[in-house]
Amino acid sequence: MEFFQFHPTGIKGLGILITEGVRGEGGVLINKDGYRFMIDYAPTVKDLASRDVISRAIYWRSGQGVASVVRTTFTWTCVRKR
């Protein structure tokens, strides 16, 4: 297979994907410290960046150790009402 589709957001351990629409409705990606790290990778669109940009940012953050919680590789999607 030459190309495959990667989905960057889902519910850990359940195999459930979270649609990009959640971010479109105001959900934000945060690291274990509560920092909105997409500002560092897509300063204009932030959490509304395309799937490939979001995936790369999560990958880079996990490689730096700042996205890890108890040595696992994931970030948080905050979707609380303000």
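See the structure shown above.
In what follows, the accompanying structure is described. A quick note: this is a predicted structure, and the numbers were derived from the prediction, not measured.

1. So, the environment of Leu-48
Link 1 in the chain: Turning to its location among the elements, Leu-48 is positioned in the loop between helix 2 (38-41) and helix 3 (51-64).
Link 2 in the chain: When its relative accessible area of 55% is taken as the criterion, Leu-48 is described as exposed.
Link 3 in the chain: C-alpha of Leu-48 to C-alpha of Gly-24: the two residues are 24 residues apart in sequence and 6.4 Å apart in space.
Link 4 in the chain: Here Leu-48 is in contact with Arg-23 and Gly-24, once residues within four sequence places are set aside.

2. Quick look at the side chain of Arg-23
Link 1 in the chain: Mapping Arg-23 onto the fold places it in helix 1 (residues 20-24).
Link 2 in the chain: For the buried Arg-23, which has no salt bridge, the nearest side chain bearing the opposite charge is Glu-20, at an N-O separation of 4.1 Å.

3. With respect to the nonpolar core
Link 1 in the chain: Among the nonpolar cores identified, the biggest contains eight residues, and these are Leu-29, Phe-37, Met-38, Ala-42, Ala-49, Ile-54, Ala-57 and Ile-58.
Link 2 in the chain: The leading source of residues in this core is helix 3, at three residues.
Link 3 in the chain: Not counting the four nearest positions on each side in its chain, Ile-54 is found in contact with Pro-8, Arg-23, Leu-29, Met-38, Lys-46, Asp-47 and Ala-49.

Rules used in this analysis
- For every chain, the first residue of the written sequence is number 1, and numbering continues from 1 along that sequence.
- Whole-chain, interface and lining totals are the exception, using all residues; otherwise, since this is a predicted model, local features are given only for residues with pLDDT of at least 70 and side-chain atom pairs are given and counted only at 80 or more.
- Side-chain descriptors were evaluated using all non-hydrogen atoms of the structure, hydrogens and water having been removed beforehand.
- Strands here are runs of E lasting at least two residues and helices are runs of H or I lasting at least four, both read from the DSSP assignment and numbered beginning at the N terminus.
- Buried residues are those whose accessible area, probed at 1.4 Å on protein chains only, stays under 20% of the maximum for their type, while exposed residues exceed 50% and partly exposed ones sit between those limits.
- When checking whether two residues touch, look at their non-hydrogen atoms; a contact exists if any pair is within 4.5 Å.
- In this tally, Asp and Glu contribute negative charge and Lys and Arg positive charge; neither His nor the terminal groups of the chain are included.
- For this document, the term salt bridge refers to a Lys or Arg side-chain nitrogen within 4 Å of an Asp or Glu carboxyl oxygen.
- What we call a nonpolar core is a set of buried Ala, Val, Leu, Ile, Met, Phe, Trp, Tyr and Cys residues that are connected through their side-chain atoms within 4.5 Å.

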